[in-house]
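Now for the letters of each chain:
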Amino acid sequence: MNLIDGKAISKKILQETRLEVEALKAHGHTPGLAVVLVGEDPASRSYVRSKDKTCSELGMFSQKFELPADTTQEALVALVHELNADSRIHGILVQSPPPAHIDESAVIEAIDPRKDVDGFHPINVAKVAMGAPDAFVPCTPLGCQRLLLESGIETAGANVVVLGRSMIVGKPMAMLLMQKGRGGDATVTVAHSRTRDLAAVCRTADILIAAIGRPEFVKADFVKEGAVVIDVGINRVPDPSAPNGSKLVGDVAFAEVAPKCKAITPVPGGVGPMTIAMLMHNTVQACKRLMQ
Ligand code: NDP
């Protein structure tokens, strides 16, 4: 079994991105990312901070907006419009999920699609479906595809099962893998909570991508001998032996599944670090395109 080291691969991508940032700066353009958080959710807060920190480490411009939970929809949309017009900003990310009184779709639709580095705007969703080269692809599925490419795992002709059909992970993941060309050309099945005999469907997979948000749900009997497993899940579960009383686990029961796999991602240290790396990559691409 090979462990797919997301930390090492994300470092390589960040290093490539740093070189691109330097080249852009040499021409007077500093890529800039604005990250907006509404509310106090601790996990979201820590994601926002690490995105901001990574930007600074790469020499990019970054602005972090931590707004109170009672921020109105109008105020949030007004901020997005300001950022659309700000020439220092090439990427805008509004951390999901916002508080319940905010209509997330309306906020996403307010973002200039050319600055939508999360790839959630309907224009980018359509472009991903069309296979347009200037689409912004959501960072997590883009990171999963990159993990497969960097690990030399052939997707062409492979049977891939994507477990989960969210707009953030499952659907764009399936789109990417069924596209023509490198990192695509797979035969893709998308499974979800209404799928009949889920374990049997998953066992057809040469590559199984789990993104359901259920701790250690995918057991050994879901996985064919010699399959590749990408675990997108990030779930915090109680762990009395840990100093803070909890630990992170994926959607895959790693200990029992790993011995059957040709390759597998760990949690943490698999898909997670790739998501931030691809966000930085997307922001640099946005800067390049806006400067053209
Ligand atoms: P969502 O809750 O939006 O979607 C979950 C999907 O899984 C749904 O399609 C749902 O089916 C399906 N599902 C849920 N329970 C079951 C079940 N028992 N059997 C079969 N299918 C099921 O989650 P996300 O896509 O946003 O996230 C999935 C996981 O990935 C989470 O653990 C999240 O934390 C993690 N994540 C990690 C990221 C990273 O950077 N590594 C980034 C984003 C997410 P249905 O549609 O039928 O309800």
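For the structure, see preceding data.
Residues numbered from 1 in each chain as written. Predicted model: local features only at pLDDT ≥ 70, side-chain atom pairs only at ≥ 80, totals over all residues. Heavy atoms only, no water.

(A) The site of the ligand, seen in detail. If you check the shell around the ligand, you find 21 residues, and the closest are Arg 165, Ser 166, Ser 193, Ile 234 and Thr 275. In the model, a nitrogen atom of the ligand is placed 3.2 Å from a nitrogen or oxygen of the Arg 214 side chain. Between Ile 234 and the ligand, the recorded distance is 3.1 Å, taken from a backbone N or O atom to an oxygen atom. In isolation the ligand has 920 Å² of accessible area, and contact with the protein removes 71% of it. Looking at the shell around the ligand, the element that brings in the most residues is helix α10 (residues 271-291), giving three residues. (Near = heavy atom within 4 Å. Polar contact = N/O pair within 3.5 Å; in protein donor to acceptor, adjacent residues only side chain to side chain. Areas by Shrake-Rupley, 256 points an atom, 1.4 Å probe, with all protein chains shown as cover. Helix = DSSP H or I, 4+ residues; strand = E, 2+ residues; numbered from the N terminus.)

(B) The arrangement of the packing of aromatic side chains in detail. By the definition in use, this model includes one aromatic pair. Between Phe 217 and Phe 222, the aromatic rings sit 5.7 Å apart at their centres with planes inclined by 75 degrees, giving edge-to-face as the arrangement. When its relative accessible area of 10% is taken as the criterion, Phe 222 is described as buried. One cation-aromatic arrangement involves Arg 289 over Phe 136; the distance from NZ or CZ to the ring centre is 4.7 Å. (Phe/Tyr/Trp six-rings, centres within 6.5 Å; stacked < 30°, edge-to-face > 60°. Buried < 20%, exposed > 50% of the residue type's maximum accessible area, 1.4 Å probe, protein only. Lys NZ or Arg CZ within 6 Å of the ring centre and 35° of its normal.)

(C) Up close: the packing of helix α6 (residues 139-150) against α10. Taken N-terminus to C-terminus, the directions of α6 and α10 make an angle of 110 degrees; their axes are 8 Å apart at the nearest point. On the basis of the axis angle, α6 is roughly perpendicular to α10. Contacts from Cys 139, Thr 140, Leu 142, Gly 143, Cys 144, Arg 146 and Leu 147 in α6 reach Val 271, Met 274, Thr 275, Met 278, Leu 279, His 281 and Asn 282 in α10. Classifying every residue of the contact of α6 with α10 gives eight nonpolar, five polar and one charged. (Axes fitted to C-alpha atoms, helices over the stretch in contact; angles between N-to-C directions. Parallel < 35°, antiparallel > 145°, perpendicular 65-115°, else oblique. Contact = heavy atoms within 4.5 Å. Nonpolar A, V, L, I, M, F, W, Y, C, P; charged D, E, K, R; others polar.)

(D) Geometry of the sheet that holds strand β3 (residues 61-67). Strand order in the open sheet formed by three strands is β3-β2-β4, and the pairing between neighbours is parallel. One side of each edge strand has no neighbouring strand; the edge strands of this open sheet are β3 and β4 (91-94). Shown here is a sheet whose adjacent strand axes are inclined to one another by a mean of 10 degrees, direction ignored. Sheet analysis places strand β2 (residues 32-38) next to β4, joined by four bridges and oriented parallel. Counterpart to Ala 34 in the pairing with β4 is Ile 92. (Pairing = 2+ DSSP bridges.)

By themselves, these figures tell us nothing about what the structure is for.
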